[in-house]
Amino acid sequence: FLDKCLSTVQQKLDVSDNCSDKYKLYETLLRRQKKLKQKSSYNTLDTPIQCKTVDKGNQSEPYNQILNDTKNSTSVSNNSKEITIPDIYEVVQQVRNHTGLSYNFSQLAVSVVIQYLSNLVDESAKSSLNSIREIIDTFPPTSATLPVECLENTKDGICMQQLLEYLTAVKEDSQQRSWQIFDDHVQIEDCLIELTSILKNADPMVINHVLKIDKYTSINNLLEYYQMELRWVIQKHLLNIFSELCKLNFVVVEIISNSILPMELARYLLLFFW
């Protein structure tokens, strides 16, 4: 009936006249027709039973998915992370960085803390602490168990490289100038003191790795700088550095013994006892 009314009004409608009563009636009929079509499309009474069953199944799928995701996340959270040698090595390095202890004392501090913590926690956490203690008991680590990145990223390794580069630049500067500049005395002495502290307290593996990066060229630079330097205070710090370097490995001892340093020391002894 509504469609017939629309067709009748449309035949008698003047399109150019938008304000007439016929045009308003036509718009009203169009709106009602649109509403009726919307109601018929959303009429659930006409929906077949099979379609309703499928809709319920589709609604239950997100719920089942949420349950599965929750179970998976719970199982992942229950799986503890495996503790490795690089992890414990990083802990020891952090203790050294924050306390100023030597590498050996930092390792001892971590071992003591883990030992006493194992007596305070429950059985579930005690197993993890025992695994950490077993790793610490195998220290010091070897190059086979410790990646190179762990040595390069340590604070001692980075600082040692910077100090050696600075001393190399000082040596090159001393070679270029023909007069003595005493304004840099404090900076050079502080640099040598810090380098001596690293050689005494850092991990020997880190020190050897830094020296191997440039194939022990930094040691030759220090030997040349000792020969050019005339200030006894700086020479004394350099001798302390050479003494600590000789404790590392035989390669360093061979480099120093084949240098001009033994002859310089012999000359000083002759002048002193003469």
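Residues numbered from 1 in each chain as written. Predicted model: local features only at pLDDT ≥ 70, side-chain atom pairs only at ≥ 80, totals over all residues. Heavy atoms only, no water.

> Before we move on, could you go through helix H9 (residues 185-201) and cite the residues and values that matter?
Counted at 1.5 Å a residue, the expected span for H9 with its 17 residues is 24 Å, and the 24 Å between its end C-alpha atoms agrees. Among all positions in H9, only Ile 188, Cys 191, Leu 192, Leu 195, Thr 196, Ile 198 and Leu 199 are buried. Down the axis, H9 shows its buried residues gathered within 160 degrees of arc, on one side only. (Helix = DSSP H or I, 4+ residues; strand = E, 2+ residues; numbered from the N terminus. Expected span 1.5 Å × (residues − 1). Buried < 20%, exposed > 50% of the residue type's maximum accessible area, 1.4 Å probe, protein only. Arc of directions from axis to C-beta.)

> Before we move on, could you go through the pattern of salt bridges and cite the residues and values that matter?
Under the counting rule described, the total for this entry stands at 6 salt bridges. The shortest N-O distance in the salt bridge between Arg 96 and Asp 156 comes to 2.6 Å. Residue Arg 96 is found in helix H4 (residues 85-99), and its partner Asp 156 is found in helix H8 (residues 155-176); the two are separated by 60 residues along the sequence. The same class applies to Arg 96 as to Asp 156, namely buried. Across the pair Glu 264 and Arg 267 runs a salt bridge, and its minimum N-O distance is 2.8 Å. Taken as a pair, Glu 264 and Arg 267 lie in helix H14 (residues 261-273) at a separation of 3 residues, close to a single helical turn. Overlapping salt bridges, with partners in common, bring together Lys 171, Glu 172 and Glu 224 in one network. (Salt bridge = Lys/Arg side-chain N within 4 Å of Asp/Glu carboxyl O.)

> An account of the confidence of the model for the chain is needed here, citing residue identities and associated values.
Per-residue confidence for the chain averages 78 on the pLDDT scale, and 68% of its residues sit at or above 70. Scored below 50 in pLDDT, residues 44-59 shows 2 contacts in the model against residues more than four places distant or in partner chains. With pLDDT under 50 throughout, residues 73-78 is counted as low confidence; its partners more than four residues away or in other chains account for 0 contacts. (pLDDT = per-residue confidence, 0-100. Contact = heavy atoms within 4.5 Å.)

> An account of a nonpolar patch on the surface is requested, with residue identities and associated values reported.
Together, Leu 101, Phe 105, Leu 108, Val 112 and Tyr 116 give the surface a local cluster of nonpolar side chains, amounting to about 490 Å² of exposed area. One can find Leu 101 in the loop between H4 and helix H5 (103-117). Judged by relative accessible area, which is 34%, Leu 101 ranks as partly exposed. (Patch = residues over 30% accessible without salt bridge, like charges linked within 9 Å, V, L, I, M, F, W, Y side chains within 5 Å. Areas by Shrake-Rupley, 256 points an atom, 1.4 Å probe, with all protein chains shown as cover.)

> Residue-level account of H4, with values.
The terminal C-alpha atoms of H4, which comprises 15 residues, lie 21 Å apart, in line with the 21 Å expected from a rise of 1.5 Å per residue. Just past H4, the residue Gly 100 takes up positive phi, approximately 80 degrees.

> Can you tell me about the nonpolar core, naming the residues and giving the values?
Of all hydrophobic cores here, the largest spans 30 residues; its most connected members are Met 160, Leu 211, Phe 242 and Leu 245. Contributions of two or more residues to this core are made by H8, H9, helix H10 (204-213), helix H11 (217-228), helix H12 (232-245) and helix H13 (250-257). Once residues lying within four places of it in the same chain are set aside, the contact partners of Met 160 are Leu 195, Ile 198, Leu 199, Ile 207, Val 210 and Leu 211. Residues Val 92, Leu 129, Ile 136 and Val 206 belong to the second largest nonpolar core, which totals 14 residues. (Core = buried A, V, L, I, M, F, W, Y, C linked by side-chain atoms within 4.5 Å.)

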